Structure formats: structure tokens, C-alpha cells
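# Understanding the architecture of this molecule
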Amino acid sequence: MCGIVGYIGGKQAAPVLLDGLTKLEYRGYDSAGIAVLDPDGNIVIEKAKGRLSVLNEKIDGGRAVNGFCGIGHTRWATHGEPSENNAHPHCNDEKTIAAVHNGIIENYTELKDKLIRRGYSFYSATDTEVATKLVDYYYKKYNDPLRAISEFALRVRGSYALAVMNKDYPDTVFAIRKDSPMIIGVNGGEAFLASDVPAILKYTRNVYYVDNLQIARLEKGGVTFYNLDREEVEKETVEITWNAEAAEKGGFEHFMLKEIYEQPRVVTDTVNYVLKNGDFDFSEVGLTDKDFKKIKGIVIVGCGSAYHAGVVMQYVIEDLARVPVRVELASEFRYRNAVLNGELVVAISQSGETADTLAAVRAARDKGLKTMAIVNVLGSTIAREADYVFFTKAGPEISVATTKAYSAQLVAGYAFALKLAKIRGTVEKDEYSRIITELTSLPEKIRELLNCKEEIQKFAAKTLDRHDVFFIGRGLDYAVSVEGSLKLKEISYIHSEAYAAGELKHGTISLIENGTLVFGVLTQKNLIEKTVSNLVETKSRGALIAVVAEEGTNVPADFEQVFRIPVTDGRFAASLAVIPLQLFAYYLSVLRGNDVDKPRNLAKSVTVE
């Protein structure tokens, strides 16, 4: 949520800040602003409510604001309604200090009361203004910008990525983070700050991932890091292997469609990360055969689509490796006093910064459990804190609705399950090789599915006026249904729910009316007849039926739509069945005139509770 950028160098700062904020629009926001130190040494702040285009027009693409040092922000309202007044950057009364902030200051009310008693007044309803004036208070007390920030960190509770400009220190930006992402890049005589890689990818590929409670001092062409005692610390850069074009649309109308079409490559690259010479090697993940042998149980945690990928992973691991697995919403796991007995905790997160999933990892670590992260971002907080890390190879995912990252998480789970099964001896050698062949054939089968988009477009046009859509399936098909329903609701704004098909008679079927669209997922051969029977029950009550089924599967002739997928090992069918559901959600959303890549009220990375 929210986006932060910062720049110091030889270019005009405002256009660079606007460009960086544009690359962070996918994170979700409702207002935007920048602060730039002008040639006279004054901090100039410009803000606007709404899309970044409003701010861009207000300051003529940045040309109306001169200066070579600045910070910028896209805000997602938490404290205080969306407004220009509540937008970042915020400043002290003298406009000598300005700051932008991602996260939530949990004790901001208490801090605000203390500052009011010390003569401060407030013009906004935000916790960020409180953070800014707290830094100002300690700067005035100690006349030391580093100490002001360390005193700030010692007194606030919550999460934050904070960037501060100080008029007394021109051409300098100070920054600190706790549980909210922040990266810093240096190239030649320039320094860049951002909350995510795409904002600075066109300027540099070498970045520093700022550690928790680490202070950074950015100056032209350099950055110095400090701990909270203001002692210098050494850090190494990480090279980002994505190219700048990876974060561009590449001729597609929307990032979501581009990312759907990137799935064959993403699946190939993620499998090849651990598949070496026909066998799985998890040494880059950090797992040895001895580590696999120690696994007696697994707990998977995640949020949203990552949780859904975990549900698929549960079915596949238990079927192949015969190890007990349970899947938990990270937001529930962290608050439940769970009974744990040495399980491996697998945390799934595209960004590696998801607040609840990070908290679940820390809760597991506090209980003495080993953790494995399945993440897409090198250097992310979850990646750094987990014992083992499986990096999915999805590249930058810009659209809020995940597609390719979800597919990468699925195949990471398949690979893990197969390796565990081999180590435990629950799969024969020939069967192991056959399954690997099936796994490596998935990209071509996905590519084949993507060539059938016209049929999905036509069906989306026919069902444009639906008010309720239900997805049903059994076993792995239920796991796919949940993801298909989420894709539809988050970008089309149509009410949608997914149910285990066997639960229909326990209340849900009362919701079926004439014309209600019901999707059935039919890939698990031993369960197809039962799910078809459930679909027939809904049809007899007026439902319009669409199904996703493998080639050759018998489907009642009176079902209105059948989306066929190639035949594969049933354990991997989720990777194919989800494709038509992604495309259906995409085309329906486009036809409804929605902003597909930036759906209302949503953010790409949920870094606050």
C-alpha cells in the first residue's frame, strides 16, 4: 500500500519523482504529492487528491517545481479521509522539515497529545503529520537529524517507511524503515529511494534493501547506513535481474493481460530454478536432503491468492508425500494460540512484505519452528527472515490482481511436494520421472489455452449483466474455484462466492435464482460426477452453467458453456483450470469499463493490518 520515492542528483527532481510514482500506481492510492528543495533553499510542497494525473497536470509534469532533491508519495487513506490536506508530504509549521511515510503509527494519538502539550498544532487527520512533527521536535531538541530519527524510532509503535527532508541539510534525504519495504539505489552522481523496485528500475539495477530499524542518509551519488545508535554499518547491493521493459506493458492494453500471457515463461523459469538434469535440487533454496527428511508436518500460511495457492499445495503434498499439512490464513494464524509440534511453516507472499504473513513467520520463529518462504522479491523482509527461501521467477507483477505470481507459487509447491515425496520414498522412480515430465509440459499447455481467448471473450459479453456468480468444485477443483471467484470479484466488482460443491445443500443453494451464473470446475476424475450432479441441481433452479473441464470429459449437453483445458496429471490441473477463469474475469472487467490494473479500494501489497 502507498508508494514512496526520493531523488537526489543532477536532474530536476520533480519529473523523476512523478515518473517513479507512476511506476508505483499499482500499489493503490487516493492522493499524491511531492516535496522539492528549491534553488532558494525552501521546501516546496505540491499535493492533489485523486489520480497522479491530477498532480501531474497541476505542476505541469514537474516543470513548475524546480530543484534537485525531493521526495514523493502516493497515499492510501488509513487515518483521515482522502483529501489534499491529508495527502503527503507533511511538514512542520516552518516548512523546514517534510516527510512521507508508508505504514501505520499505532500510538499516534498518544504522541499527538504529547506534542500538543509542547505547543504543536495539527492541520490534518493523519498519523504521518504526527510522525513528521515528532521528528521536528527531536531535531529542535538535539540539533542532530540522525538522532531525531533514532529518537522517533524509539518512541513509535507500528510499521513505517519514513523519508525526511531537512532544509538545514540540502541535497540530503534521511530515511528509516520498520516492517514496511524500502529500497535505495545509487548510480553515478544520483541516489534514489523507493518502496518497490519498478520505481527506480530504469535508473539503476543495483539496490540496497534497507533493514528493519536501519537509518539511511542519501546524498548525491552515495548513501550511508546507520544503526539506531547512529553507528555506521556496511551493506552490500543486490543486483536486480529484471530489465526495465519487464515493468512496462509491452504493447498490451493492461498489465494484467500481459502478465496472464507471461505465465508459460514464468512457470518454466520457476521450475528450472530447482530442476537440474531431470531431478530437483533445492540447494539454492537452502534445503538439503537431510532437512527434507526432518519434515514431519507442514503449516502453510498466506493471504488472498497466496493462501489459495497454499490450499492447492496442501492437496498435492498430502497426496504425493503423505505428510500432514494444514493451511491457515496468516491473519488468523498470528492471533491463534495454535498447537504446533515442530512443523515446517511455509509462508507464501508475492511481495515478501505482506504484513500478516511476515507476522506469522515471526510467530513461528518465536515458537522455534523452521520457516520456508515462497516469495517473488529478492531481498524482501520475509525472504530475509525465513530459514529457507524459494524465489519464484515471475518478475515484476504490476497489476493488483495476481495471475503470473499465483501460477509461479503453484509450481513452486508442486516441485516442493515432488522432492519431499522422493526423499520420503512415497513415489516410485518411474512415476517420479513421469510426473516431472507432466510438470515440465505445463507451459506449452498454458500457451495452448491462451490461444483460445476469443471463446472466453464472447462468453464474458453474454454474461455482462450478472449480479451474482458462484464457483463450485471438489478437492483441488474447490481450491481453483476460490481463486477464480476472487479474480472475478476484485476486478469486476460483481458479487461472487466459491463453495465446496458438497456444501450447496447446506444453505447455499437457496441463493440460486433464475439466471444466476454458476461455474463448475471439473478436473478431478473421481469427483466429476458428484460435482456435475450439484451443477444439475442449480440448473434445475434456473442457473446458467459454465464449466472448466479437460478434453474428453463428458459434460451434460444443456450446460451453456464448456471451457476445455488440455489433459494433465490431476494434481497439476489447477495450473490449467485457472487460466480461463483469469481471462473471464479480465474480459468481463474490461467490458464493464473498470480500471483492470488498479481496482477500487485495493492495493497490490498489503503492508499494514
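This write-up is about the structure you can find in this document. Here the structure is a predicted model, which means the values were calculated and not measured.

### Quick word on the overall build of the protein chain
When its secondary structure is counted, the protein chain shows 19 helices and 27 strands. A compact globule built from 609 residues should have a C-alpha radius of gyration of about 25 Å, and the protein chain, at 25 Å, falls within 12% of that. Based on the C-alpha atoms only, the size of the protein chain along its principal axes is roughly 75 × 55 × 45 Å. The 609 residues of the protein chain split such that 62% are buried. Of the roughly 22800 Å² of accessible surface on the protein chain, 46% is carried by carbon and sulfur atoms. For the protein chain, the distance from the average position of its 73 positive side-chain charges to the average position of its 81 negative side-chain charges is 2 Å.

### Here we look at the sheet that holds strand β18 (residues 298-302)
Either a parallel or an antiparallel arrangement is found when strands of a sheet pair, and the pairing is made through backbone hydrogen bonds. Strands sit in the order β19-β18-β20-β21-β22 across an open sheet of 5 strands; the sheet is parallel. Either end of the sheet is taken by a strand with one partner, and the two such strands are β19 (325-329) and β22 (388-391). Averaged over neighbouring strand pairs, the angle between their axes works out to 20° when direction is ignored. Most of the contacts of helix α11 (residues 355-366) go to strand β20 (residues 344-349), to which it runs at about 165°, and overall it touches β18, β20 and β21 (371-375).

### Structural notes on the sheet that holds strand β10 (residues 190-194)
Strand order in the open sheet formed by 8 strands is β3-β2-β4-β1-β10-β9-β11-β15, and the pairing between neighbours is antiparallel. The sheet is open, and its two borders are formed by β3 (43-49) and β15 (238-239), each paired with just one other strand.

### Remarks on helix α17 (residues 476-492)
With 17 residues, α17 should cover 24 Å at 1.5 Å per step; its first-to-last C-alpha distance of 24 Å lies within 8% of that length. Judged by how many residues are buried, α17 sits mostly within the fold: 15 of 17 residues are covered. Phi turns positive, to about 65°, at tyrosine 493, one or two residues after α17.

### Examining the pairing of strand β11 (residues 206-209)
As paired strands, strand β9 (residues 183-187) and β11 are joined by 3 bridges and run antiparallel to one another. When the bridges of β11 are listed, glycine 185 appears paired with valine 207.

### Remarks on the nonpolar core
Counting 112 residues, the largest nonpolar core has Phe280, Phe282, Ile298, Ile317, Tyr414, Phe416 and Phe519 as its most contacted members. When residues of this core are assigned to their parent elements, the largest contribution, 12 residues, is made by helix α19 (residues 573-591). Apart from residues lying up to four places away in sequence, phenylalanine 519 is in contact with Phe459, Val469, Phe470, Phe471, Ile472, Leu535, Ala546, Phe563, Leu581 and Phe584. Val5, Val16, Ala32 and Ile34 belong to the second-largest nonpolar core, a separate cluster that totals 30 residues.

### Some points on the pattern of salt bridges
All chains considered together, the criterion is met by 46 salt bridges. Aspartate 179 serves as the salt-bridge partner of lysine 178, at 3.2 Å between the closest nitrogen and oxygen. Between aspartate 179 and arginine 362 there is a salt bridge; the shortest N-O distance is 2.7 Å. Placement of aspartate 179 in the loop between β8 (173-178) and β9 and of arginine 362 in helix α11 is noted, with a sequence separation of 183 residues between them. Here the two residues aspartate 179 and arginine 362 agree in accessibility, since each one is buried. Via salt bridges that share partners, Lys178, Asp179, Arg362, Arg365 and Glu385 belong to a single interconnected network.

### Observations concerning unusual backbone geometry
The peptide bond linking histidine 88 to proline 89 adopts the cis configuration, its omega dihedral lying at 0°. Looking at the element boundaries, proline 89 is found in the loop between β4 (69-75) and β5 (90-91). With a phi close to 60°, lysine 95 is a non-glycine residue in the positive phi region. Considering the arrangement of structural elements, one finds lysine 95 in the loop between β5 and β6 (97-105). Its identity as a non-glycine residue notwithstanding, aspartate 171 has a phi of 55°, on the positive side. Within the secondary structure, aspartate 171 is located in the loop between β7 (158-166) and β8.

The rules behind each value
Residues numbered from 1 in each chain as written. Predicted model: local features only at pLDDT ≥ 70, side-chain atom pairs only at ≥ 80, totals over all residues. Heavy atoms only, no water. Helix = DSSP H or I, 4+ residues; strand = E, 2+ residues; numbered from the N terminus. Rg over C-alpha atoms; globule rule 2.2 N^0.38 Å. Buried < 20%, exposed > 50% of the residue type's maximum accessible area, 1.4 Å probe, protein only. Areas by Shrake-Rupley, 256 points an atom, 1.4 Å probe, with all protein chains shown as cover. Lys, Arg positive; Asp, Glu negative; His and termini not counted. Charge placed at Lys NZ, Arg CZ, Asp CG, Glu CD. Pairing = 2+ DSSP bridges. Axes fitted to C-alpha atoms, helices over the stretch in contact; angles between N-to-C directions. Contact = heavy atoms within 4.5 Å. Expected span 1.5 Å × (residues − 1). Core = buried A, V, L, I, M, F, W, Y, C linked by side-chain atoms within 4.5 Å. Salt bridge = Lys/Arg side-chain N within 4 Å of Asp/Glu carboxyl O.

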